[in-house]
Amino acid sequence: MSANAQGGTGTEHGEPAGDSGVRIPPVPYDEWDHDLFSVINPDKKLPEANVLGIFQRHPALARAFLTFNMHLNTTTLPVRVRELAVMRVAWRRGSRYEWASHVLIGRKYGVTEAEIEEVRTGADTLLNRAVDELDTDSGLSDATYAALGVDLDEHQLMDLVFTIGAYTMLTMALNTFGVELDPVISEENFSFPKREWYSHKREG
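Counting restarts for each chain: residues are numbered from 1 in the order of the written sequence. Reporting of local features is limited, given that this is a predicted model, to residues whose pLDDT is at least 70; pairs of side-chain atoms are given and counted only at 80 or more, and all residues count toward the totals for whole chains, interfaces and linings. Each side-chain value is derived from all of the structure's non-hydrogen atoms; neither hydrogens nor water enter the calculation.

**Q** Tell me about helix H2 (residues 59–72), residues and numbers included.
**A** The α-helix advances 3.6 residues per turn, and as a result positions three or four apart in sequence lie on the same side. Here H2 spans 20 Å end to end across 14 residues, near enough to the 20 Å set by a 1.5 Å rise per residue. Buried residues are those whose accessible area, probed at 1.4 Å on protein chains only, stays under 20% of the maximum for their type, while exposed residues exceed 50% and partly exposed ones sit between those limits. Helix and strand labels come from DSSP, where a helix needs a run of H or I of at least four residues and a strand needs a run of E of at least two; each type is numbered from the N terminus. When H2 is considered as a whole, its buried residues turn out to be Ala-62, Phe-65, Leu-66, Asn-69 and Leu-72. One side of H2 carries all its buried residues, which in axial view fall inside an arc of 100°. Summarising the geometry of H2, the exposed residues directed more than 90 degrees from the buried face are Ala-60 and Ala-64. Whether two residues are in contact is decided by their heavy atoms, any of which lying within 4.5 Å being enough. Contacts made by the buried residues of H2 are with helix H1 (50–55), helix H3 (79–93) and helix H8 (154–177). Multiplying 1.5 Å by the helix residue count minus one yields the expected span of that helix. Summarising the geometry, the arc corresponds to the directions from the helix axis toward the C-beta atoms.

**Q** Account for the confidence of the model for the protein chain, naming residues and giving values.
**A** On average, residues of the protein chain score 84 in pLDDT, and 82% of them are at 70 or above. Within the protein chain, helix H7 (residues 142–149) carries the highest mean pLDDT (98), whereas helix H4 (residues 96–108) carries the lowest (93). How sure the predictor is of each residue is captured by pLDDT, a score from 0 to 100. Across residues 1–19, confidence stays below pLDDT 50; counting only partners more than four residues off in sequence or on other chains, it has 56 contacts. Every residue in residues 194–204 scores below 50 in pLDDT, and together they form 25 contacts with partners more than four places removed in sequence or on other chains.

**Q** Explain the packing of H3 against H8 residue by residue, including any values.
**A** Lines fitted to C-alpha atoms define the axes here, with helix axes fitted over just the stretch in contact, and angles between the N-to-C directions of these axes take values from 0 to 180 degrees. Running from N to C, H3 and H8 point in directions that differ by 35°, and their axes come no closer than 9 Å. For H3 against H8, the interelement crossing comes out right-handed. Contacts between H3 and H8 involve Val-81, Arg-82, Ala-85, Val-86, Val-89, Ala-90 and Arg-93 from the former and Leu-160, Thr-163, Ile-164, Tyr-167, Thr-168, Thr-171, Met-172 and Asn-175 from the latter. Residue composition of the contact of H3 with H8, by class: 9 nonpolar, 4 polar and 2 charged. Crossing handedness is read from the near helix: turned anticlockwise from the far helix by less than a right angle, it gives a left-handed crossing, and turned clockwise, a right-handed one. Residue type decides the class: Asp, Glu, Lys and Arg count as charged, Ala, Val, Leu, Ile, Met, Phe, Trp, Tyr, Cys and Pro as nonpolar, and the leftover types, Gly among them, as polar.

**Q** Quick rundown of the layout of surface pockets? Include the residues and the values.
**A** Cavities and pockets were defined on a 1 Å grid built from protein atoms only: a cavity is a group of points that admits a 1.4 Å probe but offers it no way out, a pocket is an open group of points flanked by protein on both sides within 12 Å along at least five of seven lines, and a lining residue is one with an atom within 4 Å of any such point. Grid points are joined across faces, edges and corners, and a volume is the space filled by probe spheres set on the points. What the largest pocket holds in volume is close to 950 Å³. If you trace the largest pocket, you find 30 residues lining it, with Val-51, Asn-73, Ser-101, His-102 and Ile-105 closest to the centre. Of all the elements in the fold, those that place two or more residues in the lining of the largest pocket are H1, H2, H4 and H8. In terms of residue count, the dominant contributor to the lining of the largest pocket is H4 (7 residues).

So this is what it looks like as structure tokens:
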């Protein structure tokens with residue numbers, strides 16, 4: 001795992017700065033305070049992961065966000081629905097890290113290769129439409145909301161919107177700070193497309 005100097009030349013929105021893009025390197029695993037992650041798993045040490053190494057740099061933020069994130073991982077929302085939504089967020093936001101991680105989780109819970117391809121290609125599925133509308137318009141159309149409501153109750157609808165919003169925020173952080181893919185994880189055919197709605201570049 002490399003940790004280049006912070007900063008770099010201007011890049012397109014959603015892509016890390018510089019060649020490798022590391023702006024805030026993760027804390028080395030042997031320096032972790034594992035008690036910080038007790039909200040995730042109070043019984044044992046978590047394995048090394050770059051995203052957790054980043055959270056080690058800001059304990060107060062880590063405790064607050066990871067507590068909320070644990071709610072999102074144990075909500076009323078069906079796991080397959082959650083993972084398909086998170087994958088679509090990761091793809092649209094250009095987050096190789098979240099894409100690769102949640103493809104693996106999705107497969108574990110029964111997401112098929114055909115469904116993963118639908119996320120990747122932006123097929124007109126209900127979940128893709130929901131993520132795309134929230135990402136583009138910060139809201140859902142009446143038609144999409146009604147369609148979701150056929151199978152999801154009020155709590156599930158709330159959990160879906162908050163999940164999409166939270167993972168959008170997380171991908172912003174991963175992209176901005178240049179969190180690298182963990183060495184043991186494949187990038188899962190990540191080939192992020194240029195986005196027509198992109199309208200500015202960061203200053204180097």
